[in-house]
Amino acid sequence: MIKKAGNLFATAYLILIFAVYPFYMADGYVDIGEAKYKFFVFCSLGGLVILAALALAEGFQTIWQRYRCREAYLIRWERISVTDLFVALYAIEVLISFLLSDYKQEAFQGTEGWRIGLVLLVMLCVFYFLISRQWKGAPFLWYVCMAASGMVFILGILDRFSIYLIPIEIRDPGFISTLGNINWFCGYLSVFMPIGACIFIHGECRREKWVLGLYLLIGFMAGFCQGSSSVFLLFGALFFLLLWTAVSKREKLAGWFLMTAIWGAAGQAVRALRIIMPDNYNYDTNNLCGMLTSSNLLLAVAVICLFIGVILKCRGDGRWCREGEIKRIHQWMMIIPVTVFLLWGVITLLNTWKGIPGLKDSPLFLFDENWGNGRGATWKAGIEVFGEMPIIGKLFGVGPDCFCAYAYEQPKTAEMLRAYFGSIRLTNAHNELLTGLVNTGIFGVLLYLGIFLSSILRCLKRAERKPYLFIPAVCAFSYLVHNAVSFAQVLNLPFVFLIMAMGEGLLRRYES
């Protein structure tokens, strides 16, 4: 009875966060970060009390049952996973970082508008354990996520074409849907798009493919028209990991090619909308999204991938090559991107240092303050701030979400930031791990990475037999890659933590 109640309340809480939280706006886009934070914290506090009480009741019940059966009732350590340990140690490290911080008032709830402070981080760690132990893995919850996020994506597309279903007094092209800034929108996209993609490729019910295909079309359209080039990191991570998981079977590989065809078709759909409503599109097209959706490249991708996908689909299921060949394909999938990245890094380093004829003015191979739409300046600021920190600060950070408070107290860094960003205060380095080095130090970043990597690897290890485990793995991977040029905030971080908790819950259920 207690277990059923725990599962019921855990499911209700997840529905509230996944289906209601994204749409909550108190005063439109005015202080949307604060509004989202208050909604999440107040709802979570109520859920915390109920779920914690049920967890304690279940724990006492288990102890009593074992006592009556004359069994040892100490903690069964084999039920504590590697990810569990990383989460527990990360919560402790965040608390230590807070206690050592000179900015405790800032570190407690976090910088205004962002709120990635002690309260949110510890709350997410607690909910990780509550959800992973009490949610029983009902698959319909993934479809709730897709239904809610699909509506968010549609609102984003409509907003980009000046069609406003929700009346908001203050409009700004940089703010779309009900999420706020386009960086927040991309972060949300990086967490939820993989759900539909995983089910489309690895799902067992073929009748759902058309609905899933429509969801992917809407999601890709939202990605193409939102305006930030960071979305291509999401696309790259999503397609890479799904190809890795799909390459072993012909039907899954067919699904991957069909998904890629939908991606190309989505770009052409955005192009068509811009032709039909030439005066409605309200954002700059001088970016990678604008270039691709204005060319015939995505049309060629759609046609070629559709052809390959249909051919593979017609040939039926089963392996299309031997096990040893699949391993070699995986090896090349690792070698090629790493080689390209290292080559790009060497060329960029040499061009920035000495200048290479023909590449001196290329923004792709020149790392200065303007690189990556100003991310060169933010990364430089993050590196300088971390370099100026004392050894204890380098290990434990200056306090959760205290990047801004600390950076503007350093005269050299503050001067550089004011010269580049003016009156806009920089609250993060636009690289989540670099920001983490300042906020929670080396220990914090290593433990944070440990949470993600252990969750991804453990889910992938068992996902071949339990396909729903692909979802938390791909969601966490896409989020992590995308945030190499973005940041954690009160909207996307809770979602990815809860999805990893759901993945842990599925693992515990399948292993028991």
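Residues numbered from 1 in each chain as written. Predicted model: local features only at pLDDT ≥ 70, side-chain atom pairs only at ≥ 80, totals over all residues. Heavy atoms only, no water.

A short note on the nonpolar core
Item 1. I131, F153, F192, I195, F220, M259 and L493 are the most contacted members of the largest nonpolar core, which has 148 residues in total.
Item 2. Of the residues forming this core, the biggest block, 15 residues, is contributed by helix α7 (residues 182–202).
Item 3. Excluding its chain neighbours within four sequence positions, the residues that come into contact with F220 are M193, F235, L238, F239, M259, I262, W263 and A266. (Core = buried A, V, L, I, M, F, W, Y, C linked by side-chain atoms within 4.5 Å. Buried < 20%, exposed > 50% of the residue type's maximum accessible area, 1.4 Å probe, protein only. Helix = DSSP H or I, 4+ residues; strand = E, 2+ residues; numbered from the N terminus. Contact = heavy atoms within 4.5 Å.)

Notes on the packing of aromatic side chains
Item 1. In the structure shown here, the tally under the stated rule is 39 aromatic pairs.
Item 2. Between the aromatic rings of Y13 and F127, the centroid separation amounts to 4.5 Å while the plane-to-plane angle is 10°, which identifies the pairing as stacked. With Y13 in helix α1 (residues 2–20) and F127 in helix α5 (residues 118–134), this pair connects stretches of sequence that are 114 residues apart.
Item 3. Its relative accessible area of 5% is what places Y13 among the buried residues.
Item 4. Ring plane angle 45° and centroid distance 6.2 Å describe the contact between F240 and W244, whose orientation is recorded as tilted. Within this pair, F240 and its partner W244 are both found in helix α9 (residues 231–246), separated by four residues, close to a single helical turn.
Item 5. The ring of Y408 is capped by R425, whose NZ or CZ atom sits 4.3 Å from the centre of that ring.
Item 6. Just above the ring of Y510 sits the side chain of K466; from NZ or CZ to the centre is 4.9 Å. (Phe/Tyr/Trp six-rings, centres within 6.5 Å; stacked < 30°, edge-to-face > 60°. Lys NZ or Arg CZ within 6 Å of the ring centre and 35° of its normal.)

Side note on empty space enclosed by the protein
Left-over empty space is what a probe sized like a water molecule reveals as it rolls over the atoms.
Item 1. Under the defined criterion, the tally for this structure stands at two cavities of 30 Å³ or more.
Item 2. Considered as a void within the structure, the largest cavity measures approximately 290 Å³ in volume.
Item 3. Lining the largest cavity are 20 residues, with I116, T435, G436, N439 and A488 sitting closest to its centre.
Item 4. Among the elements of the structure, α18 (432–439) and α19 (441–463) are those that each provide at least two residues to the lining of the largest cavity.
Item 5. For the lining of the largest cavity, the element with the highest residue contribution is α18, accounting for five residues.
Item 6. Counted as a void, the second largest cavity has a volume near 40 Å³.
Item 7. In terms of lining residues, the second largest cavity is bounded by Y29, L155, D159, Y164, L165, I166, I168, R171, S177 and T178.
Item 8. Tallied by class, residues from the lining of the second largest cavity come to six nonpolar, two polar and two charged. (1 Å grid on protein atoms, 1.4 Å probe; cavity = no way out; pocket = protein on both sides within 12 Å on 5 of 7 lines; lining within 4 Å. Points joined across faces, edges and corners; volume = space filled by probe spheres on them. Nonpolar A, V, L, I, M, F, W, Y, C, P; charged D, E, K, R; others polar.)

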